[in-house]
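# Notes for the structure review
Letter by letter, the chains look like this.
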Amino acid sequence: MHERIVHTLRARHRTACGPDDGVAMLLVIMTTMIAAALSILLLGIVIAQVAPTQLQQKSTTTIAAAQAGVDATLSEIRTATGAANVAGNVFGDTSKLPCTLTGTVGGTTSGAGYAVTVEYYDTDPTDLDETQRAGRDIDCRVGSGTAVVPSFALIKSEGTGSALPGRSADSGDRSIQALYAFEITNENVPGGRMYTVSEKYCLKADSAAAGSSIRYTAAANCTAGDALMTWLYDTDYAIKLASSATAGAPLCISAPNTSAGDATLQTCDPTDYEQQWSYEGGARFRDQVHKDNGTANSSTYGSYCLAAASTSSNALEGSPLRSGSCTSNTEYGSFSPEPKVGAGAASYATNQIVNYLEFGRCMDVTNQKIGFEYMIVYPCKQDPSGGTQLNWNHKWYYTEATATQPTTTAQEIYVKVNNSTKYCLRTPESTATNGYVVFTSSCSSTDARQKFYRTYKVEGDYSASYTIKDAYGRCLSLGAKQTPSGSAKWSTITAAACTGGTEQKWNAPAGAQESTVTDTRETTYDKP
């Protein structure tokens, strides 16, 4: 009985388990299908992320490449230097400035590189629109750089990489731009040759040592930059060997206040009147003597001038320089210093107008003839007395602008013939181009051709600073050279279209700009 019950229960159990085997199989199949679907889905997600990841990787690489292009360009700009001048100073060489630059990053197999273009400007272009930039840019030619010194360089660098499948070749490329401000100075570095009046000879020191003699040398042997031929005329009226002055131990031309006293180089002493020379009419350097005027010590012209030991204008080679009789416009006793020699003590304070390109030249009434057809710039004459000795034709009167009023209202520029009769400067007709300025005795505040506007310093815009404009917007400028007397050539004074050049700057102080890199930013998305 017991065995029959057990047998019945087993039979029932086998009957109940039969259908469960199919369910299990179905469950396994369903699980496998779900796993396969999830795998396919995951694979799709992975595949979908490959392209964005590749793009991101390229994007990271190309922005680094673009930055490498900026860095490489800055290196090129900063190493664009020339040879040292006579003072031992090294300045930039604009002919070596880069216009474009290309390179690779990470080796040739990486596919990453940069392409750079450089735009040069005479002012900060940050706030200028495209039209304004076009008017202030400086042309750059591959292999020859720029013709003038720029103030700013806008560096535009594009980083590139290998093309990605299914995308345009430049997809993922990125770009950067940076603004570089050049370290510049507009300080004139004095130093030039001291030619005789007709430029047949120049002065050369035997050596750069105290006690050395100075001799006349034929112009054919007067080499630019020769340390023994390069002189500067300083504000203390001393004529210094330029190389010694910049070395910190200046040597000055010294000669006794006597006739036929040999000139030698001596350690400069600003209290030694044998080292003080005033350039005056007749193109000569006259000595100075101490004078007690009863209230203070001052100086005035002496009786002797620098001249050659020989008075034969065609046989001055090797002749020593000495103090002697004063002559006018002779080869042996008169001089035509290069503009770079300097302006001595001439300035607005002495009622003189000094040009900045030819910074040893001052506005001059040609040959002291008020009716002459053109005016010139002439080696700046000196007045050691403080105002009584300077020739009238070098005293040009105007009112200087101020910091609070950088540009004056309309004013006259005038001279006083023989320190008495007033004559006013007059520009050419409004339609004239590069016409000469002249003087008229009919001074009139209503005559547009007699109105001038002096601009001193314009913050952030050196090109517009230190100019003198007429009522027609033209700038007083240097014109073509003329020979009003003898064979010496002097630049004329004209009214010309304003260029911002140093030939149009007058009584301008030195200024400087430090080197900086600013406004570095990505420009990838600036593109239309």
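Reading the values: the criteria
- Residues numbered from 1 in each chain as written.
- Predicted model: local features only at pLDDT ≥ 70, side-chain atom pairs only at ≥ 80, totals over all residues.
- Heavy atoms only, no water.
- Helix = DSSP H or I, 4+ residues; strand = E, 2+ residues; numbered from the N terminus.
- Buried < 20%, exposed > 50% of the residue type's maximum accessible area, 1.4 Å probe, protein only.
- Contact = heavy atoms within 4.5 Å.
- Areas by Shrake-Rupley, 256 points an atom, 1.4 Å probe, with all protein chains shown as cover.
- Phe/Tyr/Trp six-rings, centres within 6.5 Å; stacked < 30°, edge-to-face > 60°.
- Lys NZ or Arg CZ within 6 Å of the ring centre and 35° of its normal.
- Core = buried A, V, L, I, M, F, W, Y, C linked by side-chain atoms within 4.5 Å.
- Pairing = 2+ DSSP bridges.
- Axes fitted to C-alpha atoms, helices over the stretch in contact; angles between N-to-C directions.
- Salt bridge = Lys/Arg side-chain N within 4 Å of Asp/Glu carboxyl O.
- Patch = residues over 30% accessible without salt bridge, like charges linked within 9 Å, V, L, I, M, F, W, Y side chains within 5 Å.

## Examining the overall build of the protein chain
A count of helices and strands for the protein chain gives 4 helices and 33 strands. In the protein chain, buried positions account for 42% of the 528 residues. Taking the contacts inside the protein chain whose residues are at least 6 apart along the sequence as the reference set, 59% of them involve residues at least 24 apart. Total accessible area on the protein chain is roughly 26,000 Å²; 53% of this is exposed by carbon and sulfur atoms.

## Topic: the packing of aromatic side chains
In this structure the tally under the stated criterion is 14 aromatic pairs. Taking the centre distance of 4.9 Å and the plane angle of 90° together, the rings of tyrosine 456 and tyrosine 466 count as edge-to-face. One end of the pair, tyrosine 456, is in the loop between β28 (452-455) and β29 (467-470); the other, tyrosine 466, is in the loop between β28 and β29, with 10 residues separating them in the sequence. We classify tyrosine 466 as buried; its relative accessible area is 5%. Clustering of aromatic rings is evident, with ring pairs tying together Tyr216, Tyr233, Tyr279, Phe285, Phe335, Tyr378 and Trp490. The ring of tyrosine 397 is capped by lysine 416, whose NZ or CZ atom sits 5.3 Å from the centre of that ring. The ring of tyrosine 414 has lysine 422 lying over it, and the distance from NZ or CZ to the ring centre is 4.5 Å.

## Some details on the environment of valine 116
Mapped onto the elements of the fold, valine 116 is located in strand β2 (residues 112-121). Counting along the chain gives 18 residues from valine 116 to proline 98, while the straight-line C-alpha distance between them is 9.5 Å. Discounting residues that sit within four places of it in the chain, valine 116 has contacts with Gly69, Thr73, Cys99, Thr100, Leu101, Ile155, Lys156 and Ser157.

## Observations concerning the nonpolar core
In terms of nonpolar packing, the biggest core is built from 57 residues, with Trp231, Ile253 and Trp396 touching the most fellow members. Apart from residues lying up to four places away in sequence, tryptophan 396 is in contact with Asn351, Ile353, Met363, Asp364, Val365, Met375, Ile413, Tyr414, Val415, Leu425, Phe439 and Ile493. Counting residues in each nonpolar core, the second largest holds 21 residues, with Tyr114, Ile138, Ala153 and Phe182 among its members.

## A word on the sheet that holds strand β24 (residues 414-417)
Overall, antiparallel pairing links the 3 strands, which are arranged β24-β25-β27 in an open sheet. One side of each edge strand has no neighbouring strand; the edge strands of this open sheet are β24 and β27 (438-440). Between one strand and the next, the sheet's axes are offset by a mean angle of 40°, whatever the strand orientation. Pairing analysis gives 4 bridges linking β24 to strand β25 (residues 421-426), with the strands arranged antiparallel. Residue pairing across strands places valine 417 opposite threonine 421, the latter belonging to β25.

## What to know about the side chain of serine 336
Within the secondary structure, serine 336 is located in strand β21 (residues 335-337). By relative accessible area, serine 336 is classed as buried at 3%. Excluding residues within four positions of it along the chain, serine 336 makes contact with Tyr195, Thr196, Val197, Glu199, Arg361 and Trp490.

## Here we look at the pattern of salt bridges
Per the counting criterion, the structure on display carries 18 salt bridges. With a closest N to O distance of 2.8 Å, glutamate 522 and arginine 174 form a salt bridge. On the criterion of sequence distance, the pair formed by glutamate 522 in strand β33 (residues 516-522) and arginine 174 in strand β7 (residues 174-181) is long-range, its members being 348 residues apart. Residue class for glutamate 522 comes out partly exposed when judged on its relative accessible area of 27%. Between glutamate 280 and arginine 284 there is a salt bridge whose closest N-O contact spans 2.5 Å.

## Points about a nonpolar patch on the surface
On the surface, a cluster of nonpolar side chains totalling about 320 Å² of accessible area is made up of Met25, Ile29 and Met33. Position of methionine 33 among the secondary structure elements: in helix α2 (residues 20-78).

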